[in-house]
Amino acid sequence: MRRTLEASVRPLATSVDGRRFSYQASLYDLELRIGGYVVLEGDGIARLGQVLTLKLDKLSTELTLPARAGGLPENRTQVQVRYAGGEGAILEGDPAPFHDALIRVATGAEVQAWLQRSGRPYANLPLGELALAAGVPCLADASGFDRHTFLCGQSGSGKTYSLGVILERLLIETDLRLVVLDPNSDFVRLGQVRADADPALAERYQEAARGVAVYSVGARGERRLRLHVAEIDPATQAALLRLDPIDDREEYAALAEFLAKENPPSIAALAQDKRPETSRLRLRLHNLGVDRFTVWAPGEAGSVLDAVHDQSVRCAVIDLGSLPTREEQALVAAAVLGDLWRRRQERSPILIVIDEAHNVCPTEPGDQLIAMAADYATRIAAEGRKFGLYLLVSTQRPQKIPANVLSQADNLVLLRLNSLADAAFAEAAFSFVPPSLIERSVIFRQGEGLIAGKISPQPALLRFGARITQEGGADVPPTWATPAD
Ligand SMILES: Nc1ncnc2c1ncn2[C@@H]1O[C@H](COP(=O)(O)OP(=O)(O)OP(=O)(O)O)[C@@H](O)[C@H]1O
Ligand SMILES: [Mg+2]
């Protein structure tokens, strides 16, 4: 009896405001999924909706069982009837309230037709496939990258891979310039097409690939990752040397004087200056190892900061991973972010991509230089947008980047999270995304994700498409776990 009742629950939806709906459905052959697309049909009108919550509901009812042969009397009993219920958003269709519309899963063709009807005036970035509408491409609105974007997922969830997909598609479909702070040398092959890439995409990518310039310490000539101390702002110089302008005023002044010269002398030339504060400064440089940094390029023209502002460089990949020390990585990150910030009045749109942001600009910086990088990232997050400075930061845990960077992000790209605590943190920071969709991230598989915000006004669950270019530092294959013969 219970089974019959549960199987006969009709799939019906009701909306009292024409924007959201509530529904019920039988648990048997349940096809509705959180984030999935549905068609609501009633009174000859069809609407397209998206399921946002799905839960098990139950009600208790009293049944009267009939008298049976053999003198068994009529019997009353309590029966628990279980069914699925939840809520959703109406994406398209008559905005009037309705009651008892039949709800069913939308076909791929119906979702595709809706996407075509809601065509946007800006370029679409084909990031992959909608996870719950087979065969339907997931298109991000390229214009949405004029907001800051937060990409989050546990280690190994595919952040770097998916970030690569986003960057490739931006390079193909738009003219937006990119600068990539790449702490793990993961994007050093962003200009190299894979042998197994989709031929049509690979062909289109060739043009974009020519605009990708990778700056590494080991490269020769123009592409050598280098900096000149004189082009770094005073605050970053002081942080590098752990100088306090008040406590260490003599050394600080000696440094300023040294750098103010038209052709700043080499560090070795400092030895000629016998004043005590200069000697102390020289010792400080030496003790901190700053005089041995590989990024310095005395006598060489140009630097990575020129590349960041060179309009002919479409995408500058700054291979922080090629630098031998944490200090040098922090210095280059702070110098690049600081320089972008200082020259913001140029109003030249650029997407500043920071992979492993919890190392580049963490909530709790380990030293003054990292604090400078975090400080510039925070300033860009707060005020960069109106100057065309857009951030795309990627990290494993939302708590590990400054709250002010997170709170300024209007776009979310979420991959698998390993705890509901992280999901709850993301929910609080991205209140415009239905919490139930964010919670799903704990069951995402590798390559599955959620995009929401200006890049996807209707939050979408997706499966990221294949990379066109080679990955730089793919995971080490577990050959050591091959079964022994
Ligand atoms: N959508 C995908 N399709 C195929 N392979 C993928 C996909 N996403 C990730 N991978 C593979 O999974 C591995 C881990 O991915 P990736 O390095 O992007 O993860 P991550 O989140 O950046 O990890 P980490 O936090 O350690 O940097 C890589 O070898 C990558 O090639
Ligand atoms: Mg990564």
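Structure shown above.
All of the points below concern the structure found in this document. (Residues numbered from 1 in each chain as written. Chains lettered and ligands numbered in written order. Predicted model: local features only at pLDDT ≥ 70, side-chain atom pairs only at ≥ 80, totals over all residues. Heavy atoms only, no water.)

Turning our attention to the packing of helix α9 (residues 326-342) against helix α11 (residues 368-384). How two helices sit against one another is set out by the angle between their axes and by the gap between those axes. Running from N to C, α9 and α11 point in directions that differ by 30°, and their axes come no closer than 8 Å. In this view, α9 runs roughly parallel relative to α11, as classed from their interaxial angle. α11 is crossed by α9, and the crossing has left-handed handedness. Along the contact surface, α9 presents Arg326, Glu327, Ala330, Leu331, Ala333, Ala334, Leu337, Gly338, Trp341 and Arg342, while α11 presents Leu369, Ile370, Met372, Ala373, Tyr376, Ala377, Arg379, Ile380, Glu383 and Gly384. Classifying every residue of the contact of α9 with α11 by side-chain character gives 13 nonpolar, two polar and five charged. (Axes fitted to C-alpha atoms, helices over the stretch in contact; angles between N-to-C directions. Helix = DSSP H or I, 4+ residues; strand = E, 2+ residues; numbered from the N terminus. Parallel < 35°, antiparallel > 145°, perpendicular 65-115°, else oblique. Left-handed = near helix turned anticlockwise from the far one by under 90°. Contact = heavy atoms within 4.5 Å. Nonpolar A, V, L, I, M, F, W, Y, C, P; charged D, E, K, R; others polar.)

We now examine the pairing of strand β6 (residues 75-92). Strand direction decides the pairing type here: strand β2 (residues 20-25) and β6, joined by six bridges, are antiparallel. Looking at the pairing, Tyr23 lines up with Gly86 of β6. Pairing geometry for strand β4 (residues 45-51) and β6, over four bridges, is antiparallel. The partner of Val51 across the bridge, within β6, is Gly88. In this sheet, β6 lies alongside strand β5 (residues 55-65) in antiparallel orientation, the contact comprising eleven bridges. Bridging across to β6, Lys55 finds its partner in Gly85. (Pairing = 2+ DSSP bridges.)

Counted according to the given criterion, the structure contains 30 salt bridges. Among the ionic pairs, Arg2 bridges to Glu6, the shortest N-O distance being 3.0 Å. Separated by four residues within a single helix, Arg2 and Glu6 lie in helix α1 (residues 2-7), roughly one turn from each other. Taking relative accessible area as the criterion, Glu6 reaches 4% and is therefore assigned buried. Here Arg292 makes a salt bridge to Asp291, at a shortest N to O gap of 3.4 Å. A relative accessible area of 51% places Arg292 in the exposed class. Classification of Asp291 by relative accessible area gives partly exposed; the value is 26%. One connected set of salt bridges, linked through shared partners, spans Asp146, Arg147, Asp410 and Lys454. (Salt bridge = Lys/Arg side-chain N within 4 Å of Asp/Glu carboxyl O. Buried < 20%, exposed > 50% of the residue type's maximum accessible area, 1.4 Å probe, protein only.)

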